[in-house]
Amino acid sequence: MNELLVGYDDFIRASHEAEVAGYLIQIAEDDVLSVDLFDVTRHEVVVARGSEAANPSWVRWAKSCSSPRFFTPVPTRLVLLPALPSPDLVDLLHELDVTIVWPSGPRMFTRSR
């Protein structure tokens, strides 16, 4: 998954000269929420997932829902997947106002919207 994040980081820096950051958000004394990647330029929180299968995505989805609430204004949410997921998962994530991003070639990525 780290390779996927690094690839997307490189892509957005090159494609729109993005300023990129990562964040650790202290929720409680013993609870820290990490943000995989934050595109400061587009104000987008990126959560990466190592599989495009629906079941493993739910934990990451919960994380992506939780982290944007700590930003003002609330950022756009993206889920970075290694491949385009099933149409059902695409529909569900779009209903939840989440954009999906996946590799579409060497050093290239496609957005679902």
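All values reported here derive from a predicted model rather than from experimental measurement.

J.: So what's going on with the nonpolar core? Which residues, and what values?
T.: Burial of nonpolar side chains together is a common tendency in soluble globular proteins. Among the nonpolar cores identified, the biggest contains 14 residues, and Tyr 8, Ile 12, Leu 37, Val 46, Leu 80, Val 101 and Phe 109 are the most heavily contacted of them. In terms of residue count, helix H1 (residues 2–16) provides more of this core than any other element does, five residues in total. Those residues within four positions of Val 101 in sequence are excluded, and the remaining contacts are Tyr 8, Leu 78, Val 79, Leu 80, Leu 81, Phe 109, Thr 110 and Arg 111.

J.: Before we move on, can you summarise helix H3 (residues 87–95) with the specific residues and values?
T.: When we look at burial in H3, the residues that qualify are Leu 89, Val 90 and Leu 93. End-on view of H3: buried residues confined to an arc of 105 degrees, all on one side of the axis. Residues of H3 that are exposed and point more than 90 degrees away from the buried face comprise Pro 87, Asp 88 and Glu 95.

J.: Quick one: what's the story with the pairing of strand S4 (residues 76–80), residue by residue and with numbers?
T.: On a regular strand, each side chain points to the face opposite its neighbour's, so the side chains alternate between the two faces of the sheet. When you tally the buried positions in S4, you get four out of five residues, the bulk of the element. Pairing analysis gives five bridges linking strand S3 (residues 44–48) to S4, with the strands arranged parallel. Bridging across to S4, Ala 48 finds its partner in Leu 80. Relative to strand S5 (residues 98–105), S4 is paired through four bridges, and the arrangement is parallel. Its bridge partner lying in S5, Leu 78 is registered against Thr 99.

J.: I'd like to hear about the side chain of Asp 39, residue by residue, with values.
T.: Looking at the secondary structure, you find Asp 39 in strand S2 (residues 31–39). One polar contact links the side chain of Asp 39 to the main-chain amide nitrogen of Arg 42, over a distance of 3.0 Å. Asp 39 has contacts with Ile 12, His 16, Ala 18, Glu 19 and Glu 44, leaving out every residue within four places of it along the chain.

J.: Please set out the packing of aromatic side chains residue by residue, giving values where relevant.
T.: Tallied over the entire structure, the rule returns three aromatic pairs. Seen from their ring centres, Tyr 8 and Phe 11 are 6.3 Å apart, and the 35 degrees between their planes marks the pair as tilted. With a gap of three residues between them, Tyr 8 and Phe 11 both fall in helix H1, about one helical turn apart. With a centroid separation of 5.2 Å and an interplanar angle of 75 degrees, the aromatic rings of Tyr 8 and Phe 109 are classed as edge-to-face. Of this pair, Tyr 8 sits in helix H1 while Phe 109 sits in strand S6 (residues 108–111), and the two are 101 residues apart along the sequence. For Tyr 8, a relative accessible area of 2% gives the class buried. Among the aromatic residues, those joined into a ring-pair cluster are Tyr 8, Phe 11 and Phe 109.

Cut-offs and rules
- Residues numbered from 1 in each chain as written.
- Predicted model: local features only at pLDDT ≥ 70, side-chain atom pairs only at ≥ 80, totals over all residues.
- Heavy atoms only, no water.
- Core = buried A, V, L, I, M, F, W, Y, C linked by side-chain atoms within 4.5 Å.
- Buried < 20%, exposed > 50% of the residue type's maximum accessible area, 1.4 Å probe, protein only.
- Helix = DSSP H or I, 4+ residues; strand = E, 2+ residues; numbered from the N terminus.
- Contact = heavy atoms within 4.5 Å.
- Arc of directions from axis to C-beta.
- Pairing = 2+ DSSP bridges.
- Polar contact = N/O pair within 3.5 Å; in protein donor to acceptor, adjacent residues only side chain to side chain.
- Phe/Tyr/Trp six-rings, centres within 6.5 Å; stacked < 30°, edge-to-face > 60°.

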